[in-house]
Amino acid sequence: MTTAPAGRTTEPKNAIDRFFSVTERGSTFGGEIRGGLVTFVTMAYIVILNPIILSGSPDVEGNLLPFPAVGAATALAAGVMTIAFGLVTRLPFGFAAGLGINAFLAFSVVGQVTWPEAMALVVINGLVIVLLAATGLRKMIFDAVPLQLKLAITVGIGLFIAFIGFVNSGFVTATGEASPPVGLGVGGSVATIPTLLFVVTLVLTGILVALRVKGGLLIGLATGTVLAVIAEAIWHLGAAADGNAGGWSLTVPALTGSPFSLPDLSLVGAVDFGFDLGRVSAVALVMIVFTLVFSNFFDAMGTMTGLAKEAELADEKGDFPRIKSALIVEGLGAVVGGATSSSSNTVFIESGAGIGEGARTGLANLVTGAMFLLAMFLTPLTSIVPTEIAAAALVIVGAMMMAQIAHIDLGDFRVLLPVFLTVTVMPLTYSIANGIGAGFVSWVVIQAFSGRARRVSPLLWVVAAGFVIFFARGPIQALVGG
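Numbering of residues begins from 1 in every chain and follows the order in which that chain's sequence is written. Only residues with pLDDT of at least 70 get local features here, since the model is predicted, and only at 80 or more are side-chain atom pairs given and counted; chain-wide, interface and lining totals rely on the full set of residues. As a rule here, side-chain values come from all non-hydrogen atoms in the structure, and water together with hydrogens is ignored.

A. Layout of the overall build of the protein. A run of H or I in DSSP counts as a helix once it spans at least four residues, and a run of E counts as a strand once it spans at least two, with each numbered from the N terminus. Within the protein, the secondary structure is distributed over 20 helices and 4 strands. Over its C-alpha atoms the protein spans a radius of gyration of 22 Å, differing by no more than 12% from the 23 Å that the globule rule assigns to 482 residues. Across its three principal axes, the protein shows a C-alpha extent of roughly 65 × 60 × 50 Å. The buried share of the protein, reckoned over its 482 residues, is 54%. Two residues qualify as a contact provided that any one of their heavy atoms is within 4.5 Å of a heavy atom in the partner residue. Here the analysis covers contacts within the protein between residues at least 6 apart in sequence; of these, 79% occur between residues at least 24 apart. Approximately 19000 Å² of the protein is accessible, and the part contributed by carbon and sulfur atoms is 68%. The positive count covers Lys and Arg only, the negative count covers Asp and Glu only, and His and the chain ends enter neither. Positions of charges follow a simple convention, taking NZ of Lys, CZ of Arg, CG of Asp or CD of Glu. A distance of 13 Å separates the average location of the 22 positive side-chain charges in the protein from that of its 26 negative side-chain charges. In this treatment the radius of gyration is a C-alpha quantity, and the globule benchmark scales as 2.2 Å times the residue count to the 0.38 power. Here the term buried applies to any residue with accessible area under 20% of the maximum for its type, exposed to any over 50%, and partly exposed to those in between, with areas from a 1.4 Å probe on protein chains only. Computed with a 1.4 Å probe, the accessible areas rest on the Shrake-Rupley method; for each residue, only the protein chains presented here act as cover.

In structure tokens, the structure reads:
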């Protein structure tokens with residue numbers, strides 16, 4: 001575990017310091033506050049993006065979730081879970097609605113059930129995960145994963161974070177062609193002011209971080225946001241969604257009207273466990289829960305492993321402080337997310353930005369969580385930071401996490417291929433769970449057919465088999481008539 005730098009006392013300064021082990025982990029109150037703010041800034045987009053995803057898809061009965069209510073519920077759940085996680089685990093991992101699961105709900109699940117029923121399935125998923133964590137089974141599975149794969153998960157998440165940043169900034173775009181499927185900007189060049197400001201912010205932040213300037217990430221984000229506000233005031237770019245080809249991808253850096261708004265919490269508790277089995281089969285419901293559990297389970301495990309490594313809180317086995325509590329609280333995030341209709345809440349990979357800024361304890365979570373609760377009332381202010389600017393921090397953090405690959409011995413192809421698949425499948429399929437599954441399955445198969453079957457933990461065999469089912473869930477559901 002990490003300790004304070006040589007020459008620095010590890011004696012706690014006060015009760016808060018003692019509770020969170022701030023000094024013991026080599027951190028400071030200033031570093032925790034800055035880290036918490038940076039984590040919030042890089043995560044704040046979810047208050048806007050989650051409603052866009054969830055409120056844009058009608059359910060099986062044609063009903064839509066109201067955008068303002070989803071936004072308020074998203075901020076509420078993120079604030080409550082981030083603070084709870086910080087207090088229980090003392091770890092600097094922010095919580096919010098997971099992007100993979102909210103998209104799965106919006107684009108796959110609600111075509112079969114209503115929104116209240118979909119959120120009930122999310123709650124059930126969370127209860128299953130809590131049960132697995134409380135019984136110790138989730139930790140046993142975590143321990144069964146080889147260290148090389150744990151490190152590969154960290155590297156893969158780093159590339160995933162960076163890829164998200166590149167896509168969110170418009171630096172990497174879909175070409176609409178079969179080959180190549182993605183390209184640089186527009187027509188192979190940086191063609192918009194928002195993307196140009198992403199590049200400027202990325203370079204500026206990179207220089208500040210390289211020079212070890214305290215608050216480098218936060219200074220870079222703040223400077224980029226100011227530049228974005230100035231650019232919007234001069235050129236009136238507007239939102240790309242309004243037909244402006246060179247506009248901002250998600251949030252326009254301009255404040256119009258009052259910065260305050262009362263939160264609409266009408267979706268809190270809007271769940272329905274009375275599934276209509278005449279409309280959707282029991283098999284289909286089981287497969288939905290199975291998919292949710294697998295995505296939630298391994299996305300969170302991989303994310304926490306990567307963040308703990310980045311924060312230097314993990315030991316040589318990849319374990320980190322209060323890991324069982326962390327796994328239980330993460331499962332409760334799904335329960336809270338479903339109960340508030342904000343989708344399953346989980347650990348956010350963007351927390352790496354706050355860790356890069358100096359966050360090492362749950363004290364940073366109190367700052368992040370408080371900002372999310374405040375965001376319920378200040379949604380207009382939250383939207384000032386454009387996605388393109390926040391994306392620069394994600395790329396910087398991705399680069400930091402990439403460094404973990406130096407600790408993997410890639411001289412053995414039996415290790416190289418599973419590591420390679422883990423690292424590449426995550427960003428290419430936009431799913432941490434897919435990358436972990438590809439790594440697990442390939443590891444078991446290669447070890448088994450190269451005479452090392454007995455070295456593979458029985459639990460890893462079971463998990464790999466589960467991932468095979470996970471990857472083939474579509475045909476399986478069709479075969480059984482779900």
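B. Just the pattern of salt bridges, in detail. A carboxyl oxygen of Asp or Glu within 4 Å of a side-chain nitrogen of Lys or Arg is what we treat as a salt bridge. Scanning all chains against the criterion turns up 9 salt bridges. Across the pair Glu61 and Arg279 runs a salt bridge, and its minimum N-O distance is 3.2 Å. Here Arg279 lies in the loop between α10 (216-235) and α11 (282-310) and Glu61 lies in the loop between α3 (46-54) and α4 (67-89), a separation of 218 residues in the sequence. A salt bridge links Asp143 to Lys139, with the shortest nitrogen-to-oxygen separation between them at 2.7 Å. Of this pair, Asp143 and Lys139 both sit in helix α7 (residues 137-144), 4 residues apart, which is roughly one turn of that helix. Overlapping salt bridges bring together Glu61, Glu117, Asp276 and Arg279 as one network.

C. Broad picture of the side chain of Asn345. With respect to the helices, strands and loops of the structure, Asn345 is situated in strand β4 (residues 345-347). What makes Asn345 buried here is its relative accessible area of 0%. Polar side-chain contacts of Asn345 include one of 3.4 Å to the side chain of Ser342. Think of a polar contact as two N or O atoms within 3.5 Å of one another; within protein, one of them needs to be a possible hydrogen donor and the other a possible acceptor, and neighboring residues in sequence only count if both atoms come from side chains. A distance of 3.0 Å separates a polar atom in the side chain of Asn345 from the backbone oxygen of Ser343. Those residues in contact with Asn345 that lie beyond four places of it in its chain are Ala77, Ala78, Met81, Phe95, Ala96, Ala97, Glu330, Gly333, Ala334 and Gly337.

D. Geometry of the packing of aromatic side chains. Side-chain rings of Phe, Tyr and Trp (the six-membered ring for Trp) are treated as a pair once their centres are within 6.5 Å; stacked means planes under 30 degrees apart, edge-to-face means over 60, and tilted covers the remaining angles. Evaluated as defined, the whole model comprises 14 aromatic pairs. Here the aromatic rings of Phe19 and Phe20 are separated by 4.8 Å at their centres, their planes lie at 85°, and the arrangement is edge-to-face. Judged by centre distance (4.9 Å) and plane angle (45°), the ring pair of Phe85 and Phe95 falls under tilted. Residue Phe85 is found in helix α4, and its partner Phe95 is found in strand β1 (residues 95-97); the two are separated by 10 residues along the sequence.

E. Structural detail: the nonpolar core. Membership of the largest hydrophobic core comes to 84 residues, with the highest contact counts inside it found for Phe93, Phe298, Met304 and Phe440. Of all the elements, helix α8 (residues 147-169) adds the most residues to this core, at 9 residues. Ignoring any residue separated from it by four or fewer positions in sequence, one finds Phe440 in contact with Val145, Leu149, Phe298, Met301, Leu460, Val463, Ala464 and Phe467. One finds Ile53, Leu65, Phe104 and Val122 within the second-largest nonpolar core, a separate group that totals 28 residues. By nonpolar core we mean a set of buried residues, namely Ala, Val, Leu, Ile, Met, Phe, Trp, Tyr and Cys, connected to one another through side-chain atoms within 4.5 Å.

F. Focus on α11. Multiplying one less than the number of residues by 1.5 Å gives the expected span of a helix. With 29 residues, α11 extends 42 Å from end C-alpha to end C-alpha; this agrees with the ideal 42 Å at 1.5 Å per step. The buried fraction of α11 is high, at 24 of 29 residues. Glu312 sits one or two positions beyond α11 and adopts a positive phi of about 60°.

G. Quick peek at the packing of helix α17 (residues 413-429) against helix α18 (residues 432-449). A fitted line through C-alpha atoms represents every axis, and for helices the fit uses only the stretch in contact; the resulting angles, taken between N-to-C directions, go from 0 to 180 degrees. The N-to-C vectors of α17 and α18 enclose an angle of 160°; their axes lie 7 Å apart at closest approach. With respect to their mutual orientation, α17 and α18 come out roughly antiparallel. Relative to α18, α17 is oriented so that their crossing is right-handed. Each of Arg414, Val415, Leu417, Pro418, Leu421, Thr422, Val425, Met426 and Thr429 in α17 lies in contact with α18, whose residues at this interface are Ile432, Asn434, Gly435, Ile436, Ala438, Gly439, Ser442, Trp443, Ile446 and Gln447. We call Asp, Glu, Lys and Arg charged. Ala, Val, Leu, Ile, Met, Phe, Trp, Tyr, Cys and Pro are nonpolar, and the rest, Gly among them, are polar. Tallied by class, the residues present in the contact of α17 with α18 amount to 11 nonpolar, 7 polar and 1 charged. Geometric relationships in this document are graded by angle, where less than 35 degrees denotes roughly parallel, more than 145 denotes roughly antiparallel, 65 to 115 denotes roughly perpendicular, and other angles denote oblique. Handedness of a crossing is defined here by the sense of rotation of the near helix relative to the far one, left-handed for an anticlockwise turn of less than a right angle and right-handed for a clockwise turn.

H. Broad picture of unusual backbone geometry. With omega at -5°, the peptide bond leading from Ser179 into Pro180 counts as cis. Among the secondary structure elements, Pro180 is positioned in the loop between β2 (172-174) and β3 (182-184). Located in the positive-phi region is Tyr430, a residue other than glycine, with phi close to 60°.

I. Highlighting helix α6 (residues 115-134). Given a rise of 1.5 Å per residue, 20 residues ought to cover 28 Å, and the 29 Å separating the end C-alpha atoms of α6 matches this to within 8%. Positioned one or two residues after α6, Gly136 has a phi angle of 90°, which is positive.

J. Summary view of a nonpolar patch on the surface. A cluster of nonpolar residues, Leu184, Val190, Leu196, Val200, Val226, Leu227, Ile230, Ile234 and Trp235, forms a patch on the protein surface that exposes about 770 Å² of accessible area. Broken down by secondary-structure element, the contributors of at least two residues to the nonpolar patch are α9 (193-210) and α10. It is α10 that provides the largest number of residues to the nonpolar patch, a total of 5 residues. Within the element layout of this structure, Trp235 appears in helix α10. Patch definition: residues with relative accessible area over 30% and no salt bridge; like charges joined within 9 Å; nonpolar side chains (Val, Leu, Ile, Met, Phe, Trp, Tyr) joined within 5 Å.

K. Broad picture of the confidence of the model for the protein. A score from 0 to 100, pLDDT tells how confident the predictor is in each residue. When pLDDT is averaged along the protein, the result is 89, and 96% of the positions lie at 70 or above. In the model, residues 1-7 has pLDDT below 50 throughout and makes 20 contacts with residues more than four positions away in sequence or in other chains.

L. Spatial organisation of the environment of Pro116. Relative to the helices and strands, Pro116 is located in helix α6. Under the relative-accessibility criterion, Pro116 is labelled partly exposed at 27%. A C-alpha to C-alpha distance of 5.7 Å links Pro116 and Ala270, two positions 154 residues apart in sequence. Ignoring any residue separated from it by four or fewer positions in sequence, one finds Pro116 in contact with Ala270, Val271 and Asp272.

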